[in-house]
Amino acid sequence: MKNRILVSASLFHALNDATTVVVPMIFPLLYGRSTLITSYAQIGLMSNLGLLATLLVQFVVVKASFHVEYKTLMLWSFVGICISLACVPLASSFLSLLAFFLFMRVVTSFYHPIMIAWVSKSQPASGLDHAMGIQSGSGNIGVLMAFLSVGYLAQKWDWKMPLITWALFGLVLGALGTLTLRGISSKSEPRPSLHVHSWMKVLARLRGLIPGFIFGGMGWSVTIYYAPSLLNHQFSVPIGRTGLYLSLWIGLGTVSGYGYGFLSRRFGRRPVFLASIGVAALSLAAIGLAPGRAMAVAGLLVFGVFLLMTYPSLHTFVGSSVPTVDQTQAFSWVSNIQILAGALLTLLAGVLSDRFGIRAPFVLSSLLAAACFVYYALPVGSRALQARSQS
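Residues numbered from 1 in each chain as written. Predicted model: local features only at pLDDT ≥ 70, side-chain atom pairs only at ≥ 80, totals over all residues. Heavy atoms only, no water.

Some points on the environment of Met25
Phase 1: If you trace the backbone, Met25 turns up in helix 1 (residues 2-25).
Phase 2: A sequence separation of 217 residues divides Met25 from Thr242, and the C-alpha atoms of the two residues are 9.5 Å apart.
Phase 3: Aside from chain neighbours lying at most four places away, what touches Met25 is Phe147, Val150, Gly151, Pro228, Ile239, Gly243 and Leu246. (Helix = DSSP H or I, 4+ residues; strand = E, 2+ residues; numbered from the N terminus. Contact = heavy atoms within 4.5 Å.)

Below is the structure:
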């Protein structure tokens, strides 16, 4: 059963995360043609509102998950994902594009609070690092496929073709993920109180990890929403090759994500996590300050390796230190804090990009990542990681 849950979670994670990349990948094209999008601030506004919509919906999803089977929720999610991808090409104005984008963010809000928690609860403690690496890496594979396909499909046909292609492919991935869960129920688990006090109690358990969640949301969002424009507009990289570079970014991160279990057993959870944040901060600085294309691409690839190891690290810290009954709420908090951090950064980054140039989001992110590293290097942050590493 635990293996089937992990396989299904991996399929859904690939589809879910690919979808959140497919749509933003067309933004540079629309901006470059002044079609539907005419400023970086509009990109920042869409990403901000989309992430906030996800945050709000996830609280509803957690409540529903104690009354509705997880597999039913994921069925709704993948059908909605396919519909949203098919609708985006119908946009005729910025407002209609925003509406379709927000719908996409709503239907991609189901996976992280419930399926990661289900993986965590179904795995033995000895297999948790490995399982978290697998499900995280599978999401990365979906993103890799999105980056690799969207640029070249758009370059060969037009910006609508990648959306239609992924809507059809999503039906396949979603159907396989749903069928894999046939006969497995999530209804037997105990239901915690979902009052405000319960949510705050779970958050208090996670307070030492909050800077890490903020870093994770920030690092992902700045890459997804602004790296395509940085490469395409600042360094004149064709959109097809931009997709290739970003697929290498996520590809290297996929390898490091799958290797997280081995690395954590070899070196320990805390050292791996701390090293990931430190190198990520340096690579973000390299991207933002790069004098040419080669350094920017190199910095991006190194960033992928280390950013994408922080996610299974954080998931493992949470899964090993939060009681089973509270894990759905805990993983909802993880996702929501990451989303809120990403939403605030992308909104600010859009304004800064219009004012100072498209490099600004990466310079700002490098400073915030460095602050996160300093926090965990100090005794108070170090103790928070050490306690969870020993759980």
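Digging into the environment of Gly32
Phase 1: Relative to the helices and strands, Gly32 is located in helix 2 (residues 27-32).
Phase 2: Among the residues examined, Gly32 registers a relative accessible area of 58% and is labelled exposed. (Buried < 20%, exposed > 50% of the residue type's maximum accessible area, 1.4 Å probe, protein only.)

Here's the deal with empty space enclosed by the protein
Phase 1: Tallying each qualifying case throughout the model produces 2 cavities of 30 Å³ or more.
Phase 2: Its volume calculated, the largest cavity comes out at about 470 Å³.
Phase 3: Lining the largest cavity are 29 residues, with Asp17, His112, Trp220, Tyr311 and Gln338 positioned closest to its centre.
Phase 4: Looking at the lining of the largest cavity, the elements with two or more residues in it are helix 1, helix 3 (40-65), helix 6 (111-122), helix 7 (128-156), helix 10 (210-234), helix 14 (293-321) and helix 15 (327-356).
Phase 5: For the lining of the largest cavity, the element with the most residues is helix 10, which contributes 6 residues.
Phase 6: Tallied by class, the residues present in the lining of the largest cavity amount to 10 nonpolar, 17 polar and 2 charged. (1 Å grid on protein atoms, 1.4 Å probe; cavity = no way out; pocket = protein on both sides within 12 Å on 5 of 7 lines; lining within 4 Å. Points joined across faces, edges and corners; volume = space filled by probe spheres on them. Nonpolar A, V, L, I, M, F, W, Y, C, P; charged D, E, K, R; others polar.)

Considering the nonpolar core
Phase 1: Phe27, Met115, Phe147, Trp220, Trp249 and Val318 are the most contacted members of the largest nonpolar core, which has 114 residues in total.
Phase 2: Apart from residues no more than four positions distant in its own chain, Phe27 is found in contact with Ile37, Ile43, Met46, Phe101 and Tyr225. (Core = buried A, V, L, I, M, F, W, Y, C linked by side-chain atoms within 4.5 Å.)

Some thoughts on the packing of aromatic side chains
Phase 1: In the structure shown here, the tally under the stated rule is 6 aromatic pairs.
Phase 2: Where Trp220 meets Trp249, the ring centres are 5.8 Å apart and the plane angle is 45°; that geometry is what we call tilted. Here the residue Trp220 occupies a position in helix 10, and Trp249 occupies one in helix 11 (residues 239-258), the gap between them amounting to 29 residues. Trp249 carries the same exposure label as Trp220, and that label is buried.
Phase 3: Members of the aromatic cluster, connected to one another through ring pairs, are Phe273, Tyr375 and Tyr376.
Phase 4: Between the NZ or CZ atom of Lys156 and the centre of the ring of Trp157, over which it lies, the distance is 5.4 Å. (Phe/Tyr/Trp six-rings, centres within 6.5 Å; stacked < 30°, edge-to-face > 60°. Lys NZ or Arg CZ within 6 Å of the ring centre and 35° of its normal.)

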